[in-house]
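Spelled out, the chains give:
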Amino acid sequence: MGLLEGKIAIVTGAGRGIGRCHALTLAREGAAVLVNDAGTAITGGGQDAGPAAQVAAEIIAAGGHAIADTSDIGSWNAPKALVERALDEFGRLDIVVNNAGITLYDSIATESGENWQRVMDVNLTGTAALIHWAARYWESEGPQLGRAVVNTSSPAGTNPPPGAISYVVSKAGVAALTMAAATELCHLGVRVNALAPMARSRMSEAIPMLDKIMKVPESGLDRMAPENVSRLMFYLTSPACRFTGRVFGADGDRIYLFQSMSAEPGIDNGGKVWTQKALASALEAVPQRDASWMIAPNLHVQAGAPPQDVLDAFGRIARDEPVRVWAPIDRR
Ligand SMILES: NC(=O)c1ccc[n+]([C@@H]2O[C@H](COP(=O)([O-])OP(=O)(O)OC[C@H]3O[C@@H](n4cnc5c(N)ncnc54)[C@H](O)[C@@H]3O)[C@@H](O)[C@H]2O)c1
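Residues numbered from 1 in each chain as written. Predicted model: local features only at pLDDT ≥ 70, side-chain atom pairs only at ≥ 80, totals over all residues. Heavy atoms only, no water.

### What about the nonpolar core?
Rules: As used here, the term nonpolar core means buried Ala, Val, Leu, Ile, Met, Phe, Trp, Tyr and Cys residues forming a set that is joined through side-chain atoms within 4.5 Å. Relative accessibility thresholds used throughout: buried, under 20% of the residue-type maximum; exposed, over 50%; partly exposed, between the two (1.4 Å probe, protein chains only). Strands here mean DSSP runs of E at least two residues long; helices mean DSSP runs of H or I at least four residues long; both are numbered from the N terminus. Only heavy atoms matter for contacts: two residues are in contact if any of them lie within 4.5 Å across the pair.
Counting 30 residues, the largest nonpolar core has A23, L26, V33, V35 and I59 as the members making the most contacts within it. Elements represented by at least two residues in this core include exactly β1 (8-11), α1 (17-28), β2 (32-36), α2 (51-61), β6 (95-97), α9 (226-237) and β9 (247-251). Apart from residues no more than four positions distant in its own chain, V35 is found in contact with V11, A14, A23, A52, V55, A56, I59, A66, I67, A68 and D69. With 28 residues, the next largest nonpolar core counts I131, L177, A182 and V192 among its residues.

In structure tokens:
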């Protein structure tokens, strides 16, 4: 008997990639799963069952319980129907896995506003709204143990690289949402954590800088298999988990916990207000860039920071020294 026997779960974006793996994992552990995915699949010249229906069928064929749902979760009201459907079909709701996400590549200067809105709608609003509608139900039932929410942030949200501005901001928002919702919902017995995954999928295979990392190794542990992320997701939903409000990463067999945006040791002015001159002089000794610019520990992907010669130029301007190099805009 699985650890989640009798539990009811919703997984969004569960037709493909990491979400599919999450849904199969929860079902294997005994949960009945509402498999949501708005994607459609066209095969053999005709319209085939979409990815949500395929995953639900796979679960049922293996002896589990599942229903498919093709809602687009990217608005405040749409996720309400997912909660209602889970309650109608299964009679309760214990686990919410917010996994659906999209990436659109714009910089802050090229962003159309339309792409920004769509990415926020799916990655952040949809995630917050599904927690909201689930929380409304949990509130109506009163406190109970064994409730869990697992959100999906990204290492790109915690250490933002350039070039996907809406994505990195939405995923940073998911990390903040996770921390705040964990505190707000703990009185109902709900644990809220987030994943910041790295795994082989349609999404990650489309990112050239991840090419090498995503390759299946000829031998040894396949570090980028989505199953590694789903094992962690399963822990976060299971009674064995003692965390709430934390963001977890998985890289093969290595689990890491992100720190919330931490503050560097401060400087003070001995109880006096700062003058501009004193402030500039005190800050002269502080490093201009964060010590770690990796997307995630051990993955050694440069997340992006202003190049050192540009930072040096800013330093010279601040000290009123001549600047010879000035090319910050084209550096990506
Ligand atoms: N793969 C990685 O390395 C990686 C890294 C960081 C974060 N993530 C995050 O993990 C999650 C899963 O990503 P993946 O890599 O499996 O991507 P994927 O593109 O393979 O799968 C995402 C699924 O979500 C579905 N979806 C998208 N928008 C939806 C919507 N509005 N409503 C319902 N379903 C929707 C898609 O149809 C797709 O099946 C995403 O939130 C992504 O941002 C992935």
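There's more to say after this.
### Side note on a nonpolar patch on the surface
Where we set the bar: A patch consists of residues exposed above 30% relative accessible area that lack any salt bridge, with like charges linked at up to 9 Å and nonpolar side chains (Val, Leu, Ile, Met, Phe, Trp, Tyr) linked at up to 5 Å. All accessible-area figures derive from a Shrake-Rupley calculation using a 1.4 Å probe, and residue coverage is judged against the displayed protein chains alone. Salt bridge, as used here: a side-chain nitrogen of Lys or Arg that lies within 4 Å of a carboxyl oxygen of Asp or Glu.
Together, I267, W274, L283 and V286 give the surface a local cluster of nonpolar side chains, amounting to about 310 Å² of exposed area. Within the element layout of this structure, I267 appears in the loop between β10 (254-258) and α10 (276-283).

### Details of the sheet that holds strand β7 (residues 147-152)
Each strand in a sheet pairs with its neighbour through backbone hydrogen bonds, running either in the same direction (parallel) or in the opposite one (antiparallel). Rules: Strands are treated as partners if at least two bridges between them are detected by DSSP. Axis definition: a line fitted to C-alpha atoms, over the contacting stretch in the case of helices. Angles run 0 to 180 degrees between N-to-C directions.
Read from one edge to the other, the open sheet built from 8 strands follows the order β5-β2-β1-β6-β7-β8-β9-β10, with strand pairing classed as mixed. Both outer strands of the open sheet, β5 (66-69) and β10, are each paired with one neighbouring strand and no more. Across the sheet, the axes of successive neighbouring strands diverge by a mean angle of 20°, strand direction being ignored. Sheet topology note: the strand β8 (residues 190-195)/β9 ladder contains 2 bridges and is parallel. In the sheet register, A194 faces β9, and the bridge partner there is V247.

### Regarding the packing of α1 against α9
The cut-off we apply is this: Every angle not falling under 35 degrees, over 145, or within 65 to 115 is termed oblique; those three ranges are roughly parallel, roughly antiparallel and roughly perpendicular. When the near helix sits turned anticlockwise from the far one by under a right angle, the crossing is termed left-handed; a clockwise turn instead gives a right-handed crossing. Residues are grouped as follows: Ala, Val, Leu, Ile, Met, Phe, Trp, Tyr, Cys and Pro are nonpolar; Asp, Glu, Lys and Arg are charged; every other residue, Gly included, is polar.
Contact pair α1 / α9: the axes reach a minimum separation of 9 Å and the direction vectors enclose 50°. Comparing the axis directions of α1 and α9 gives the class oblique. Classified by chirality, the crossing of α9 by α1 is right-handed. Two secondary-structure elements touch here, α1 through I18, C21, H22, T25 and L26 and α9 through P226, E227, V229, S230, M233, F234 and T237. Considered class by class, the residues forming the contact of α1 with α9 number 7 nonpolar, 4 polar and 1 charged.

### Description of the side chain of K7
Applied cut-off: Under the convention used here, Asp and Glu are negative, Lys and Arg are positive, and both His and the chain ends fall outside the count.
Here K7 shows up in the segment before β1. Buried within the structure, K7 lacks any salt-bridge partner; its nearest side chain of opposite charge belongs to D94, at an N-O separation of 4.4 Å. Filtering out sequence-adjacent residues up to four positions away, K7 remains in contact with G30, A31, A32, D94, I95, L145 and G146.

### With respect to the domain arrangement of the chain
What counts, and what does not: Each domain's extent is set by a domain assignment, obtained either automatically or from a database.
Its domain assignment divides the chain into domain 1 (8-258) and domain 2 (263-332). Taking only C-alpha atoms into account, the centre of domain 1 sits 35 Å from that of domain 2.

### Observations regarding the environment of D121
Looking at where D121 falls in the secondary structure, it is placed in helix α4 (residues 114-141). C-alpha of D121 to C-alpha of S75: the two residues are 46 residues apart in sequence and 5.6 Å apart in space.

### Brief notes about the site of the ligand
The line we're drawing: Nearness of a residue to a molecule or strand requires only that one of the residue's heavy atoms be within 4 Å of it. For this analysis, a polar contact is any N or O atom pair within 3.5 Å, provided that within protein one partner can donate a hydrogen and the other can accept it, and provided that sequence-adjacent residues contribute only side-chain to side-chain pairs.
R16, D37, N99, Y167 and S201 are the nearest of the 31 residues found near the ligand. One of the backbone nitrogen or oxygen atoms of I18 is found 2.9 Å away from an oxygen atom of the ligand. One of the backbone nitrogen or oxygen atoms of A38 is found 3.2 Å away from a nitrogen atom of the ligand. When the free accessible area of the ligand is taken as 830 Å², the share hidden by the protein chains comes to 95%. Elements supplying a minimum of two residues to the shell around the ligand: α1, α4, α6 (165-185) and α7 (202-205). Among the elements that make up the shell around the ligand, the one with the highest residue count is α7 (3 residues). Taken together, the residues of the shell around the ligand sort by class into 12 nonpolar, 13 polar and 6 charged.

### Details of the confidence of the model for the chain
Selection rule: Known as pLDDT, the predictor's confidence for each residue is given on a scale from 0 to 100.
Looking at the chain, pLDDT values average 90 and 90% of them are 70 or higher. Per-residue pLDDT, averaged within each element of the chain, yields its smallest value for strand β4 (residues 46-47) (49) and its largest for β6 (99).

### Description of helix α3 (residues 78-90)
Short version of the rule: To estimate the expected span of a helix, count its residues, drop one, and scale the result by 1.5 Å. Arc, as used here, means the arc of the directions from the helix axis to the C-beta atoms.
If you check α3, its first and last C-alpha atoms are 19 Å apart, about what 13 residues at 1.5 Å a residue would give, namely 18 Å. All of the buried residues in α3 are P79, L82, V83 and A86. The arc that holds every buried residue of α3, seen down its axis, measures 95°, which confines them to one face. In the core, the buried residues of α3 are packed alongside β1, β2, β5 and α4. G91 sits one or two positions beyond α3 and adopts a positive phi of about 85°.

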